[in-house]
Amino acid sequence: MNPHIRRQLYTLLATVTMAAPLSAYDNFKVAVYCRAQEVSRMGDTAWLEARWLAVSGQVHVDKVYLETHRDTLLVDDATIETAKKFFLDRGVAVAGGITYTVSEPNRFETFSYANPDHRAKAKEIAELTARHFDEFILDDFFFTSTKSTFDVAAKGDRSWTDYRLQLMVEAARDLVIGPAKAVNPKVKVVIKYPNWYDHFQALGFDLADGPQRFDGIYTGTETRDAVLSAQHLQPYLGYNIVRYFENLAPGRNGGGWVDPYGSRFADRYAEQLWLTLFAHAREITLFNFLDIGNPVTTAQRAPWQGQGNSFDFSKLPPAPGANFASVAGQTFAAVDKFLGQLGRPVGLKSYKPFHTAGEAFLQNYLGMIGLPMDMVPEYPAAAPIVLLTAQAAADSAIVDKIEASLRAGHNVVITSGFLRAMQGKGIERIAEIEHSGRVAAVRDYTAGRSLVHGEQSILIPQITYRTNDSWELVSAIAGDNGWPLLHDAKYLDGHLDVLTIPENFADLSELPAPVLNSIRATLTASLPVQLEAPGKVSLFLYDNGTFIVESFRDEPEEITVTTGVDHTAIEDVLTGNTIEGNVRQVLHRWDQPPVPEHYAMKFKLAPHSYRVFRLK
């Protein structure tokens, strides 16, 4: 294209998108990440101005990350300085970014940190970036997946996990942090961890070392589409991972990071953004500068729109003005209205020791059925209820810790995967309950004294036990036989409960609502609010009596929440409307009248939407 015509087009785009600067948000900062591919073009300030206005006219931006390297593209010094000046002149903070990849299209090919040439290049990139910035962030790819001749020779007899963990600790110290601080002693080096935390150790991400070694960490909260994307991540992960990383490095988790890829509908992008903020991310980064300016069309309007949804497609700017930055702008404005009224997030403590595997990402599936998760790297001895998945079996002292909790009058919930991993390793000291190794296809259930029919058959492991030594709280039925879905064993002053996990974790959300209600009543008994709803409805709790209920379902639902007798109503934080509770009574003795046990409040929830409440 003729350069003169191109400049005229850029000027026209800038004129169309130009608007008064948007106000900053009160409760979080917004950043935009610019890849090296975009930064390398920022010497063309006409192009930069047009792209910037396409974004900043739709969403307020406090900061940009200017990447210096990706896929062997190293941006030159002059262009970096031109880009920095452009943003600083507009009152936008700047920081650097590095992506240590050789070729993203080639299965995200990373550097080989045993290769002398790659090591030298990694050090050069860190030094260059530190010369230009007082802060830089490492994008997802500071791991290694290579099995080059250099790696095979250096690995020796170690497992790939052990080799890569040791290699990447050394690479962080000697090739990135050390060289960067030698060039610029005040530089802050932040590592952004991606969304696949349960597999980190196998590729060299060390969560025991990294959060302490780096000056800060950052959280990848991109979950995209659970069906279409190869990772099949559950939406709840976008909240859960922020809280988990905050527990790894309290006060030093800089924020969450979302991209617009891999989703069929604009609603899914908005959901990822607000879930990140529900977790109290201090900052949220939009990836990337180019793609968030891409248009959003009516093809991305979800079929459930028009029902009072939390994200309203009809409020986007008219075509061709709507883009992903528009979706972010609407979402941020809505969440900023109430985020400051929420307390500190709380939930069911789930213990995940470092570098452990088993029942991968299960806590996110549990979050999708209304169990508020709070994953921690140390055993939570003071918690009234502790959840242990198969990951916790890696702790050699875990049975002693369970017994100590029970002795203190606390309850411990173990999954069927944990039970299987611990058979013959001391769990029978608490109760003789076994994972039989057999499975059953079930569709019917008993919860309380009711027989409940499910809509589809699911496959579960068969758990066996000793009659009258432990008791089925919820049962799964096939024909004239049945097995525990939730099982209880009394020990000392506490209870050991076994939660049977379907072979397909997603089938947890297919369990009938009465079954899920019974599970929630046991696992969240110590929390101030319990949920009664079908699957794919989540509960987010905060320590000041506020809470959020979100539906990920495609149709409207009637939801019930229950509270203790101290709270007789809930208030909608956004509207101020009060929902009075109906008292539920329980008969403790046949010769005495029933006494109040809970208050139950009902409300409606639109598809893929949330409501925010306060206990009264």
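Cut-offs and rules
Residues numbered from 1 in each chain as written. Predicted model: local features only at pLDDT ≥ 70, side-chain atom pairs only at ≥ 80, totals over all residues. Heavy atoms only, no water. Helix = DSSP H or I, 4+ residues; strand = E, 2+ residues; numbered from the N terminus. Rg over C-alpha atoms; globule rule 2.2 N^0.38 Å. Contact = heavy atoms within 4.5 Å. Areas by Shrake-Rupley, 256 points an atom, 1.4 Å probe, with all protein chains shown as cover. Salt bridge = Lys/Arg side-chain N within 4 Å of Asp/Glu carboxyl O. Buried < 20%, exposed > 50% of the residue type's maximum accessible area, 1.4 Å probe, protein only. Pairing = 2+ DSSP bridges. Axes fitted to C-alpha atoms, helices over the stretch in contact; angles between N-to-C directions. Expected span 1.5 Å × (residues − 1). Polar contact = N/O pair within 3.5 Å; in protein donor to acceptor, adjacent residues only side chain to side chain. Left-handed = near helix turned anticlockwise from the far one by under 90°. Nonpolar A, V, L, I, M, F, W, Y, C, P; charged D, E, K, R; others polar.

**Q** Would you explain the overall build of the chain in this entry?
**A** Scanning the chain from N- to C-terminus turns up 16 helices and 30 strands. The globule rule puts the C-alpha radius of gyration for 616 residues at 25 Å, and the 26 Å found for the chain is close to it. In terms of its C-alpha atoms, the chain occupies a principal-axis envelope of roughly 90 × 60 × 40 Å. Considering only contacts in the chain between residues 6 or more positions apart, those separated by 24 or more positions represent 75%. A total of about 24400 Å² of accessible surface is found on the chain, and carbon and sulfur atoms cover 52% of it.

**Q** How should I be thinking about the pattern of salt bridges in this particular structure?
**A** Two side chains with opposite charge may pair up if their charged atoms get near one another. Under the criterion given, the structure shown has 38 salt bridges. We note a salt bridge from Glu-38 to Arg-35, for which the minimum N-O separation is 2.6 Å. For the salt bridge of Lys-123 with Glu-127, the shortest nitrogen-to-oxygen distance reads 2.9 Å. Here the residue Lys-123 and the residue Glu-127 both occupy positions in helix 5 (residues 116-132), the gap between them amounting to four residues, near one helical turn. Overall, Lys-123 belongs to the partly exposed group, its relative accessible area being 35%.

**Q** What am I meant to see in the sheet that holds strand 22 (residues 529-532) here?
**A** Strand pairing in a sheet takes place through backbone hydrogen bonds and is either antiparallel or parallel in direction. Across the sheet, four strands lie side by side as 22-25-29-28; this open sheet has antiparallel pairing. The outermost strands of the open sheet, each flanked by one partner alone, are strand 22 and strand 28 (582-586). Taken pair by pair, the neighbouring strands of this sheet meet at an average axis angle of 30°, ignoring direction. One ladder, built from seven bridges, connects strand 25 (residues 557-563) with strand 29 (residues 595-605); its direction is antiparallel.

**Q** Would you explain helix 3 (residues 45-56) in this entry?
**A** In an α-helix, one turn spans 3.6 residues; hence positions three or four apart end up facing the same way. Taking 1.5 Å per residue, twelve residues should reach 16 Å; helix 3 reaches 15 Å between its end C-alpha atoms and fits that length. For helix 3, the buried fraction is high: ten of the twelve residues fall into the buried class. Ala-46, Trp-47, Leu-48, Ala-50, Arg-51, Trp-52, Leu-53, Ala-54, Val-55 and Ser-56 are the residues of helix 3 that are buried.

**Q** Would you mind going over unusual backbone geometry with me for this structure?
**A** As a rule of thumb, non-glycine residues mostly have phi less than zero, and peptide bonds are mostly trans rather than cis. That bond from Phe-287 to Asn-288 is cis: its omega, -5°, falls within 30 degrees of zero. Tracing the backbone shows Asn-288 in the loop between strand 11 (283-287) and helix 12 (324-336). Across the junction of Ala-319 and Pro-320, the peptide omega takes the value 5°, indicating a cis bond. Tracing the backbone through its elements, the reader meets Pro-320 in the loop between strand 11 and helix 12. A positive phi angle, close to 50°, is found at Asp-71, a residue other than glycine.

**Q** What am I meant to see in the environment of Val-258 here?
**A** Within the element layout of this structure, Val-258 appears in strand 10 (residues 253-258). Counting along the chain gives 107 residues from Val-258 to Asp-151, while the straight-line C-alpha distance between them is 32 Å. Residues within four places of Val-258 in sequence aside, it is in contact with Thr-221, Glu-222, Tyr-269, Gln-272, Leu-273, Thr-276, Ile-284, Thr-285, Leu-286 and Phe-287.

**Q** Before we go on, may I ask you to explain the sheet that holds strand 15 (residues 385-388) in this structure?
**A** Spatially, the nine strands line up as an open sheet ordered 14-13-15-16-21-20-19-17-18, and their pairing is mixed. Every interior strand has two partners, whereas the edge strands, strand 14 (373-376) and strand 18 (450-464), have only one. Strand-to-strand twist in this sheet, taken as the mean axis angle between neighbours without regard to direction, amounts to 30°.

**Q** I would appreciate a short explanation of the side chain of Asp-572 in the present structure.
**A** Examined against the element boundaries, Asp-572 turns out to sit in strand 26 (residues 569-572). Note on Asp-572: relative accessible area 5%, which makes it buried. Of the polar contacts made by the side chain of Asp-572, one reaches the backbone nitrogen of Leu-574; its length is 2.9 Å.

**Q** What is the right way to read the side chain of Glu-550 from this model?
**A** Here Glu-550 is to be found in strand 24 (residues 546-551). A distance of 3.1 Å separates polar atoms of two side chains, one belonging to Glu-550 and the other to Trp-274. In contact with Glu-550, other than residues within four places in its own chain, are Glu-271, Trp-274, Leu-275, Phe-278, Lys-536, Val-537, Ser-538, Phe-540, Leu-605, Ser-609 and Tyr-610.

**Q** For this particular structure, what's the right way to read the packing of helix 4 (residues 77-89) against helix 5?
**A** If you want to describe how two helices pack, look at the angle between their axes and the distance between the axes. It is at 11 Å that the axes of helix 4 and helix 5 come closest, and there the two elements cross at 35°. Crossing hand, helix 4 versus helix 5: right-handed. Along the contact surface, helix 4 presents Asp-77, Ile-80, Glu-81 and Lys-84, while helix 5 presents Leu-128, Arg-131 and His-132. Of the residues assigned to the contact of helix 4 with helix 5, the class counts are two nonpolar, one polar and four charged.

These figures capture arrangement, not role.
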